[in-house]
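# A closer look at the structure
Each chain is listed here by its residues.
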Amino acid sequence: MKPKRYRVLACLVLLVCLWMIQPSGARGWGFHGHALSGRIAAMKLPVDMPGFFRRSVDQLSYLNPEPDRWKERAEADIDKATTAASIDHYIDLEYVPAGAFNAPTRYDFGLEMIKAGRKATDAGFAPYRMLELFQRVRIEFRLWRVEQNRTRRGWIEQRIINDAGLLGHYLSDGANPHHTSIHHNGWVGANPNGYTVFSRERGFHFRFEDEFVGSRIQINDVLPLVSGNARVLDKTRDEIIAYLRRSHARLEELYILDKREAFSATTTSIDHKKFAAARLAAGAEMLRDLWWTAWVTSTVPPNPTLAK
């Protein structure tokens with residue numbers, strides 16, 4: 001083979017290898033849906049939010065899909081911890097024992113799972129990941145309020161935006177009923193209603209979040225659905241769990257829609273579009289409210305009861 005052909009073949013092999021190590025396609029809402037959710041939440045902030053935060057719309061949109069970017073096949077160790085089955089991205093409410101959410105930390109929650117005869121990680125830790133990041137952002141806002149050094153204040157601002165953006169990912173995941181249930185990629189177990197069954201290959205989860213949302217949902221489909229009135233959440237832990245339960249309550253509706261017409265890049269059903277837009281709006285609104293709550297309540301001196 002001539003040298004030129006060797007070079008062409010080598011380039012083709014390299015391109016194939018680079019393609020193979022790209023992040024996994026199994027990701028919550030796909031990059032498009034996540035980016036929309038983060039952008040809309042930032043666009044709907046009250047004018048009294050600090051200026052550096054309100055000016056970070058593009059960055060908060062970019063950071064929303066960030067935890068899915070960590071699903072890198074070339075980095076085997078991190079990939080094992082952050083694949084589509086990563087325990088911070090979901091909560092299987094069917095597995096959660098009564099009263100288990102009273103556990104103050106994810107570790108105590110794991111002990112409650114063990115007491116119920118399951119593995120500590122069986123249900124996932126999504127609400128705890130959300131609460132952990134929310135509290136981190138609030139602490140950072142508190143530090144920002146009192147910092148007098150301009151340079152250090154800028155560093156704190158960078159930390160706030162980064163963690164607020166990551167919080168957005170898990171909130172957005174929770175808006176999809178798939179992330180609240182054992183039926184996360186098709187129905188498992190008894191299936192008397194004949195819903196879409198579990199499949200690893202081009203499953204329901206991917207068709208809904210990536211293919212349909214990526215091709216059929218745009219910002220103007222979601223933005224008008226988000227309330228302009230930001231709420232200060234009184235009991236953040238309870239609000240997060242209630243948010244996840246509301247999402248879970250829409251699970252069968254999602255399956256009924258897919259049974260009627262399978263979600264895909266070419267699905268044109270108005271009902272399918274309304275459902276996806278409403279779920280993305282719910283996630284964006286809850287995220288905006290958590291950011292706003294973190295800022296408003298950061299005036300309160302540190303107190304253990306604030307975690308409740």
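Shown above is the structure to which this text applies.
Residue positions are given per chain, counting from 1 as you read along its sequence in written order. Restriction of local features to residues with pLDDT of at least 70 applies here, the model being predicted, together with a cutoff of 80 or more for giving and counting side-chain atom pairs; totals for whole chains, interfaces and linings are based on all residues. With hydrogens and water set aside, each side-chain value is computed from the structure's full complement of heavy atoms.

### A look at the packing of helix α10 (residues 204–216) against helix α14 (residues 270–296)
α14 packs onto α10 with a crossing angle of 100 degrees between their chain directions and a minimal axis gap of 11 Å. On the basis of their axis angle, the class for α10 and α14 is roughly perpendicular. Contact residues: Phe-208, Phe-212, Val-213 and Arg-216 in α10; His-272, Lys-273, Phe-275, Ala-276 and Leu-280 in α14. Taken together, the residues that form the contact of α10 with α14 break down as 6 nonpolar, 1 polar and 2 charged. Axes here refer to lines fitted to C-alpha atoms; in helices the fit is confined to the stretch in contact. Angles between the N-to-C directions go from 0 to 180 degrees. Here a helix means four or more residues in a row that DSSP labels H or I, a strand means two or more in a row labelled E, and each is numbered from the N terminus. Geometric relationships in this document are graded by angle, where less than 35 degrees denotes roughly parallel, more than 145 denotes roughly antiparallel, 65 to 115 denotes roughly perpendicular, and other angles denote oblique. We call two residues in contact when some of their heavy atoms are within 4.5 Å. Residues were grouped as follows: Ala, Val, Leu, Ile, Met, Phe, Trp, Tyr, Cys and Pro as nonpolar; Asp, Glu, Lys and Arg as charged; and all remaining residues, including Gly, as polar.

### Here we look at the packing of aromatic side chains
A ring pair, where both rings are aromatic, is described by two values, the distance of the centres and the angle of the planes. Centres within 6.5 Å make a pair out of two Phe, Tyr or Trp rings, where for Trp the six-membered ring is used; the pair is then stacked when the planes are under 30 degrees apart, edge-to-face when over 60, and tilted otherwise. Here the structure, examined in full by the defined rule, presents 18 aromatic pairs. Seen from their ring centres, Phe-52 and Phe-53 are 6.3 Å apart, and the 75 degrees between their planes marks the pair as edge-to-face. The classification of residues rests on relative accessible area computed with a 1.4 Å probe and restricted to protein chains. Under 20% of the type maximum is buried, over 50% is exposed, and intermediate values are partly exposed. According to the relative accessible area criterion, Phe-52 is buried, its value standing at 9%. Residue classification places Phe-53 among the buried positions, given a relative accessible area of 0%. Each ring, one from Trp-144 and one from Trp-295, has its centre 5.8 Å from the other, and the planes form 70 degrees; the classification is edge-to-face. Here the residue Trp-144 occupies a position in helix α8 (residues 126–146), and Trp-295 occupies one in helix α14, the gap between them amounting to 151 residues.

### Concerning the environment of Met-286
Mapped onto the elements of the fold, Met-286 is located in helix α14. Other than its neighbours up to four places away in sequence, Met-286 contacts Leu-171, Arg-231, Leu-233, Glu-239, Ile-240 and Tyr-243.

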